[in-house]
Each structure stands twice: as C-alpha cells, then as structure tokens.
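Fold and geometry: a report
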Amino acid sequence: MRVLCIDNKNPLNLKKLAKSDWVYEGDMYTVVDEVVNEFGHFYLLAERLGKVPPVLYAASRFVALSTNTNIQQSKYSLENTESTC
C-alpha cells in the first residue's frame, strides 16, 4: 500500500532515531507490514528497511494513496523494534 506522510513534526523517539530513518511530510512511502497492538497502529516502510530491529512508524502520520491492502498483520511487537516514530 502506498501512503503519503502528512506529519513529520513529532516522532515519538526523535533522539533514538537516526536521521536516515526520518520520514518527511509530502513524501510517499510503501507499507510492507502493519503492526496493531495495545500501543497503537504502526507501519513498516519499504524505503526504511534494512535496520535490525526495524523502525515502526505511527500510521496516524500517513494517509493511504492506494486501496491495495495486500499487507499482512505483523508479528512484530514494540519489544523487538528499536524505536517507533
């Protein structure tokens, strides 16, 4: 699913997040996985893959551009991710 970043002002863990993992308002990203848990709804973005553990981005910071929802709910939890933003 393609999404547009609509809020890059308030990442949850700005100090822990490498600049290379920042997302920018107005840029498009590809969601490859979703995480829904007691802490909220998060996306794993194709353009920011490669980090172990992965960085999750709050879904509320994006708006969907496509209706393709061929993504599966993830087994990731916030415990095994480096940071969320």
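Just above sits the structure.
Bear in mind that the values here come from a model prediction, so they are computed numbers and not experimental data. (Residues numbered from 1 in each chain as written. Predicted model: local features only at pLDDT ≥ 70, side-chain atom pairs only at ≥ 80, totals over all residues. Heavy atoms only, no water.)

This part covers the pairing of strand β3 (residues 40-45). Across six bridges, strand β2 (residues 28-37) lies against β3 in antiparallel orientation. Note that in β3 the partner of Val35 across the bridge is Phe42. Taking the residues that link successive antiparallel strands as the turn, the β2-β3 hairpin has two residues. Note that β3 and strand β4 (residues 55-58) share two bridges and pair antiparallel. Opposite Tyr43, over in β4, you have Tyr57 as the bridge partner. (Pairing = 2+ DSSP bridges. Helix = DSSP H or I, 4+ residues; strand = E, 2+ residues; numbered from the N terminus.)

Turning our eyes to something else, we now look at the side chain of Asp21. Along the chain, Asp21 falls in the loop between β1 (2-5) and β2. Beyond its immediate chain neighbours, meaning those up to four positions away, Asp21 contacts Arg48, Lys51, Val55 and Tyr57. (Contact = heavy atoms within 4.5 Å.)

Applying the stated criterion to the full structure yields two aromatic pairs. Each ring, one from Tyr29 and one from Phe62, has its centre 6.1 Å from the other, and the planes form 85 degrees; the classification is edge-to-face. With Tyr29 in strand β2 and Phe62 in strand β5 (residues 62-64), this residue pair connects regions lying 33 residues apart in the sequence. Given a relative accessible area of 2%, Tyr29 falls into the buried group. Ring centres 6.0 Å apart and planes at 55 degrees place the aromatic pair Tyr43 and Phe62 in the tilted group. With Tyr43 in strand β3 and Phe62 in strand β5, this pair connects stretches of sequence that are 19 residues apart. No difference in accessibility class separates Tyr43 from Phe62, as the two residues are buried. Through pairs of rings, three or more aromatic residues link up here, namely Tyr29, Tyr43 and Phe62. (Phe/Tyr/Trp six-rings, centres within 6.5 Å; stacked < 30°, edge-to-face > 60°. Buried < 20%, exposed > 50% of the residue type's maximum accessible area, 1.4 Å probe, protein only.)

A word on the nonpolar core. Counting 13 residues, the largest nonpolar core has Val3, Val23, Tyr29, Tyr43, Leu45 and Phe62 as the members making the most contacts within it. When contributions to this core are tallied by element, the ones reaching two or more residues are β1, β2, β3 and β4. In this view, Phe62 contacts Val3, Leu4, Cys5, Ile6, Val23, Tyr29, Tyr43, Leu45 and Tyr57; residues no more than four positions away in its chain are not counted. Counting five residues, the second largest nonpolar core, distinct from the first, contains Val35, Leu44, Leu56 and Ala58. (Core = buried A, V, L, I, M, F, W, Y, C linked by side-chain atoms within 4.5 Å.)

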